[in-house]
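A structural walkthrough
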Amino acid sequence: MPEDEILLSLENINKVYPGAQPVHALIDINLTIKKGEFIAVVGPSGSGKSTLMNVLGLLDTVTSGELYYLGKETSKWDEKQKAVFRNREIGFIFQAHLLLPEFTALENVLMPAFIARRVNHSLEKKAKEILTIVGLGDKFYVKPKNLSGGQNQRIAIARALMNQPSVVFADEPTGALDQKTGNDIYNLFRKINAEENMTFIIVTHERGLAQKADRIIEIVDGQIVK
Amino acid sequence: MRFYELFIAFRYIKANLKQSIIITTAVSIGVAIIIWIPSINLSFMEDLINRTVSSAPNITIKRIIDTFETNKELFADKLKGENLLLTDQVLTRKRKIKSSRKIIEQIKNIEQIEAIAPYAEGQTFIIRGGEERGVTVRGITPEELKIIDIEKDMVKGRIRNLSINDIVIGQTLANKLKVDLGKRIKATGPTGVSKSLKVVGIFNTGLRAKDEYQAYVNLRSGQQLLNIRTDVSGIGIKIKDIYKAEEVASEVRTKTGLYVTSWMQDNKQILDQLNRFKLIILFINFLIVSSAATSITSVFIMLVAAKSKEIGILKSMGAENKSIMVIFMSQAVFLSVIGYFIGLLGAKLMIMGYSNLLESSGETMFSTQVPEFKINTAYAVLAFFYSIFTSILASILPSYQAAKLRPVEAINA
């Protein structure tokens, strides 16, 4: 796959939340993201950053406009197609880590592989390696409730990387971590980005983290201003 | 992992133990009652039928020709507006069965018939000391013992080879008259003929009607008491398949032209009662299933609400709608299967408990013996499918709701 291949593009995307007073969360968004880019999405609270991430991650539908993944228009995809695509091509790191509390750290990381119906010894080994990289080499069999917020966030990061997706959407991935762990995670993202040509789209409030990105997309009131 | 849905479902069952216990309990209570009620009632009924059938001929040729019964359609027009009691009297008459041997010859070749025996039966007074009891005395031949299975119920003495002065009575009657083997009692027939008879046997069928109000004597002795010379009051028939009694009775009726009844006609009340019981049982089961289904549904709705965020997480990782449905429905089915076996065990214990309770209290309305209660296999199988069906039905709606949750809504829930 050539490095400048377009991973996804948005054409006149609008997202309106209906109600007594409809909320126009995204307004005429036009955006192209290439494979292997490392992008930071910034903007004030309520500007539409999370909505953009949900739309890009096929977690939410658009009101109008077209969203292309690897040249394929996704608006006509049914739920099954979207689910399969999310499983294979997208990794999510949510703001509030969102782990499955009944499962151990290792099982949480393996879950995308479970859903893809492929788990074997090498995948378990890989899950353990990723957990070790994020600093949880001794917490494989610990459940999230017995770990700190930062440790849980690292499990979420490991989980997002498990299926080697084309793109990782991260919503404030280092917000709950100390500076050193935050830097380690950034370096890990960068390493994977360089080695695997994996695209990273990171929503962040941290200027420092944003400035390290290849490109910054700034959203204000549902519109891309930069 | 091929079936990650089951892996998640089992983990949820373990992690949400309270909900799992509530669902299992709802199913097991439902199953226990679904099995217990019919098992008890049908055991009672089956026992009653078995005792009734084994203690009386399958088919009886009677000397009473109830013309009102046999020709009521013919007389229907004439009877309109008439006093039925009077009509009944007019149309009912008796015919003596003079030549029982000739009748036996006529029917003995009917394929289903196993044994035929004439009898002389009527009301008598049995007197012993100050006690006086109205008892049906049945004069029998040795052939009778092939028709009524009374020998197995003998608790003392014998019923074979009855001499002209012997009598066999039921345990309850013996207790009430305070007599035992070898004692003599006086029997007086409807026309005043009296005989002194020696008690040579005591039986206990478990049927109150028999054990207190039935006695057996030699056929000749019966004829003397009833003052019917060599006539008989009826002929009893045993057949191979008791459920073909109606057909065989009809054939005997055609061949002899006499009044013939089957055990089904003679016990119509019991059979009707049984059918009514079955209907009631069906209705009760329906109510139980509905109530179990409602509680399972409400528990699952709560479970789905509590798990919305996790459903969203699973969906964000690519779990398909059908997988989400399988996760929730397989929990319901698995818990129902567990609930079924607990319910089955519960039914068994309840049946044992009920049986012990009856044994300690002694007698029932119809029977002096407690029937052998056993789990009704048909209802046990039905309860299994009920429990699975109920759990599927009860979890479909919540599971469907879970599957239809939009990932972004579920995550933000």
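Attention in this report is confined to the structure presented alongside it. (Residues numbered from 1 in each chain as written. Chains lettered and ligands numbered in written order. Predicted model: local features only at pLDDT ≥ 70, side-chain atom pairs only at ≥ 80, totals over all residues. Heavy atoms only, no water.)

**Looking at the overall build of chain A**
Counting its secondary structure elements, chain A contains 7 helices and 10 strands. Counting over 226 residues, chain A shows a buried share of 54%. In chain A, of all internal contacts separated by at least 6 residues, the share reaching a separation of at least 24 is 72%. (Helix = DSSP H or I, 4+ residues; strand = E, 2+ residues; numbered from the N terminus. Buried < 20%, exposed > 50% of the residue type's maximum accessible area, 1.4 Å probe, protein only. Contact = heavy atoms within 4.5 Å.)

**Comments concerning the overall build of chain B**
The secondary structure content of chain B amounts to 17 helices and 12 strands. For chain B, the proportion of its 413 residues judged to be buried stands at 51%. Look at the contacts in chain B between residues 6 or more apart in sequence, and 79% of them connect residues 24 or more apart. Entry remark: accessible area of chain B is about 20400 Å², with carbon and sulfur atoms responsible for 59%. (Areas by Shrake-Rupley, 256 points an atom, 1.4 Å probe, with all protein chains shown as cover.)

**Considering the pattern of salt bridges**
Under the definition given, this model contains 25 salt bridges over all chains. One salt bridge in this structure joins E37 of chain A and R215 of chain A, with 3.0 Å as the shortest N-O distance. In this pair, E37 of chain A is assigned in the loop between β2 (23-34) and β3 (38-42) and R215 of chain A in strand β9 (residues 215-220), connecting sequence segments 178 residues apart. A salt bridge links D153 of chain B to K152 of chain B; the shortest N-O distance between them is 3.3 Å. Taken together, the shared-partner salt bridges in this structure form one network comprising E131, R133, K176 and E212 of chain B. (Salt bridge = Lys/Arg side-chain N within 4 Å of Asp/Glu carboxyl O.)

**Considerations on the sheet that holds strand β5 (residues 72-73) of chain A**
Residues and elements named next belong to chain A. As summarised here, the arrangement of the 4 strands in space is β2-β1-β4-β5, forming an open sheet in which the pairing is antiparallel. Of all strands in the sheet, those with a lone pairing partner are β2 and β5, marking the two edges. As paired strands, strand β4 (residues 64-69) and β5 are joined by 2 bridges and run antiparallel to one another. Within β5, the position partnered with Y69 by the bridge is K72. (Pairing = 2+ DSSP bridges.)

**Observations regarding the packing of aromatic side chains**
Each aromatic ring pair is characterised by the separation of its centres together with the angle its planes make. For the structure shown, the criterion picks out 20 aromatic pairs over all chains. Measuring from centroid to centroid gives 5.2 Å for W77 of chain A and F85 of chain A, while their planes differ by 55°, and the two rings are tilted. An aromatic cluster is defined as three or more aromatic residues linked by ring pairs; in this entry it consists of F103 and F114 of chain A together with F7, Y12 and F328 of chain B. The ring centre of Y186 of chain A lies 4.5 Å from the NZ or CZ of K212 of chain A, which sits over that ring. (Phe/Tyr/Trp six-rings, centres within 6.5 Å; stacked < 30°, edge-to-face > 60°. Lys NZ or Arg CZ within 6 Å of the ring centre and 35° of its normal.)

**Considerations on the pairing of strand β1 (residues 59-62) of chain B**
Residues and elements named next belong to chain B. Sheet topology places β1 next to strand β12 (residues 259-262); 4 bridges connect them, and they run antiparallel. Across the sheet, residue K62 finds its bridge partner in β12, namely Y259. The sheet contact formed by β1 and strand β11 (residues 234-239) spans 4 bridges and is antiparallel. Bridge pairing in β11 links I59 to I237.

**Considering the pairing of β4 of chain A**
Residue and element names in this part refer to chain A. When strand β1 (residues 6-17) meets β4, the two strands line up antiparallel, connected through 5 bridges. Pairing of L10 across the sheet is with L67, part of β4. In sequence, β4 turns back onto β5 through a hairpin of 2 residues, with L70 there showing a positive phi of about 50°.

**With respect to the nonpolar core**
Within the largest apolar cluster, 112 residues are counted, with the highest numbers of intra-cluster contacts made by L131 and F169 of chain A together with L314 of chain B. Not counting chain neighbours up to four residues away, the residues in contact with F169 of chain A comprise L8, M53, L56, G57, Y69, I90, G91, F92, I93 and I201 of chain A. In this structure, I61, I107, V232 and A249 of chain B belong to the second largest nonpolar core, which totals 34 residues. (Core = buried A, V, L, I, M, F, W, Y, C linked by side-chain atoms within 4.5 Å.)

**Notes on helix α4 (residues 121-133) of chain A**
Residues and elements named next belong to chain A. Its 13 residues place the ends of α4 18 Å apart at the C-alpha level, agreeing with the 18 Å of an ideal helix rising 1.5 Å per residue. Along α4, the residues classified as buried are L123, A127, I130 and L131. For α4, the angular spread of buried residues about the axis comes to 100°, placing them on one side. Residues of α4 that are exposed and point more than 90 degrees away from the buried face comprise H121, S122, K125 and I133. Residues of α4 that are buried in the fold lie against α3 (105-115) and α5 (149-162). At the exit of α4 stands G135, carrying a positive phi of roughly 90°. (Expected span 1.5 Å × (residues − 1). Arc of directions from axis to C-beta.)

**Side note on the environment of L197 of chain B**
Along the chain, the position of L197 of chain B falls in strand β9 (residues 194-203). If we ignore the near neighbours within four places in the chain, the residues touching L197 of chain B are I164, N165, D166, I167, K183, R184, I185, A187, V217, S221 and L225 of chain B.

**Looking at the interface of chain B and chain A**
Counting residues at the interface gives 29 residues for chain B and 29 residues for chain A. Together, the buried faces of chain B and chain A total about 2400 Å²; carbon and sulfur atoms form 62% of this surface. Summed over the shared surface of chain B and chain A, the number is 4 salt bridges. Notably, a salt bridge pairs K307 of chain B with E102 of chain A, separated by 2.1 Å at the nearest N-O pair. For the pair chain B and chain A, the interface holds 7 residue pairs in polar contact (both at pLDDT 80 or more). Broken down by secondary-structure element, the contributors of at least two residues to the side of chain B that touches chain A are α1 (4-15), α14 (308-316), α15 (321-361) and α17 (407-412) of chain B. When residues in the side of chain B that touches chain A are grouped by element, the largest group, 7 residues, is from α1 of chain B. Its residues placed into classes, the side of chain B that touches chain A shows 14 nonpolar, 5 polar and 10 charged. (Buried area = accessible area lost by both parts, 1.4 Å probe. Polar contact = N/O pair within 3.5 Å; in protein donor to acceptor, adjacent residues only side chain to side chain. Nonpolar A, V, L, I, M, F, W, Y, C, P; charged D, E, K, R; others polar.)

**Here we look at the environment of L405 of chain B**
Turning to its location among the elements, L405 of chain B is positioned in the loop between α16 (377-404) and α17. Taking C-alpha positions, L405 of chain B is 7.8 Å from I311 of chain B, a pair spaced 94 residues apart along the chain.

**A short note on the side chain of Q214 of chain B**
Within the secondary structure layout, Q214 of chain B lies in strand β10 (residues 214-218). Engagement of the side chain of Q214 of chain B in a polar contact is seen with the backbone oxygen of T136 of chain B, the distance being 3.2 Å.

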